[in-house]
Amino acid sequence: MTEPEGAENRRLHRQRVLKGASILTGIANSEIKCVIRNMHKDGAELKISIDSRVPQEFLLYVPVDGIAYETVVRWRKEDRIGVQFTGTRPKPGWHYG
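Computed from a prediction, not measured in an experiment: that's the story for all the values here.

Colleague: How would you sum up the environment of Glu 70? Please name residues and give values.
Modeller: Within the fold, Glu 70 resides in strand 5 (residues 67-77). One polar contact links Glu 70 to Arg 89, side chain to side chain, over a distance of 2.9 Å.

Structure (structure tokens):
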């Protein structure tokens, strides 16, 4: 029996969290508020507004951690998206949080 796509990644320990975060798109310094529902070293599941338009790649800034993750969307379902972290950066200077 074959495993569903992404099953290997789901084996990674996911820590349930409820952290406020911001999706920073760089398009006119726009920001989309979101909540991180669970997280592991390579990615996270985000809860977003159902009508939000989230690009395929963006910075995910997590103020409580002081980290901006370079992020790629791996899946989308209604008001949730799964992302993979590809690197980190300092908080963008234009972001006020």
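Once you've had a look at it, read on.
Colleague: Outline the confidence of the model for the protein chain, listing residues and values.
Modeller: Mean pLDDT over the protein chain works out to 83, with 78% of the residues at or above the 70 mark. Within the protein chain, helix 1 (residues 7-10) has the poorest average pLDDT of any element, 50, and strand 3 (residues 43-47) the best, 97.

Colleague: Go over unusual backbone geometry, please, and point to the residues and values.
Modeller: With a phi angle near 50°, Glu 78 is a residue other than glycine that sits in the positive phi range. Following the sequence through the fold, Glu 78 ends up in the loop between strand 5 and strand 6 (80-89).

Colleague: Any chance you could break down the sheet that holds strand 3 for me, citing the residues and the numbers?
Modeller: One closed barrel holds the six strands; their spatial order is 1-2-3-6-5-4, and the pairing between them is antiparallel. Neighbouring strand axes in the sheet, compared pairwise and without regard to direction, differ in orientation by 45° on average. Relative to strand 6, strand 3 runs antiparallel, the two sharing five bridges. Paired with Leu 46 across the two strands is Ile 81, which belongs to strand 6.

Colleague: Requested: an account of the packing of aromatic side chains, with residues and values cited.
Modeller: Counted according to the given criterion, the structure contains one aromatic pair. When the centroid spacing of 4.1 Å and the interplanar angle of 20° are considered together, the rings of Tyr 69 and Phe 85 count as stacked. Of the two residues, Tyr 69 is situated in strand 5 and Phe 85 in strand 6; the sequence distance between them amounts to 16 residues.

Colleague: Give a description of the pairing of strand 5 that names residues and reports values.
Modeller: Relative to strand 5, strand 4 (residues 57-62) runs antiparallel, the two sharing six bridges. For Val 62, the partnering residue across the bridge sits in strand 5 and is Ile 67. In sequence, strand 4 turns back onto strand 5 through a hairpin of four residues, with Gly 66 there showing a positive phi of about 70°. Here strand 5 runs beside strand 6; their pairing, made up of nine bridges, is antiparallel. Pairing of Glu 70 across the sheet is with Gly 87, part of strand 6.

Colleague: How would you summarise the environment of Thr 88 if you had to cite specific residues and measurements?
Modeller: Here Thr 88 is to be found in strand 6. The exposure class of Thr 88 is exposed, given its relative accessible area of 53%. Between the alpha carbons of Thr 88 and Ile 67 there is a distance of 6.9 Å; along the sequence they are 21 residues apart. Beyond its immediate chain neighbours, meaning those up to four positions away, Thr 88 contacts Ile 67, Ala 68, Tyr 69 and Glu 70.

The rules behind each value
Residues numbered from 1 in each chain as written. Predicted model: local features only at pLDDT ≥ 70, side-chain atom pairs only at ≥ 80, totals over all residues. Heavy atoms only, no water. Helix = DSSP H or I, 4+ residues; strand = E, 2+ residues; numbered from the N terminus. Polar contact = N/O pair within 3.5 Å; in protein donor to acceptor, adjacent residues only side chain to side chain. pLDDT = per-residue confidence, 0-100. Pairing = 2+ DSSP bridges. Axes fitted to C-alpha atoms, helices over the stretch in contact; angles between N-to-C directions. Phe/Tyr/Trp six-rings, centres within 6.5 Å; stacked < 30°, edge-to-face > 60°. Buried < 20%, exposed > 50% of the residue type's maximum accessible area, 1.4 Å probe, protein only. Contact = heavy atoms within 4.5 Å.

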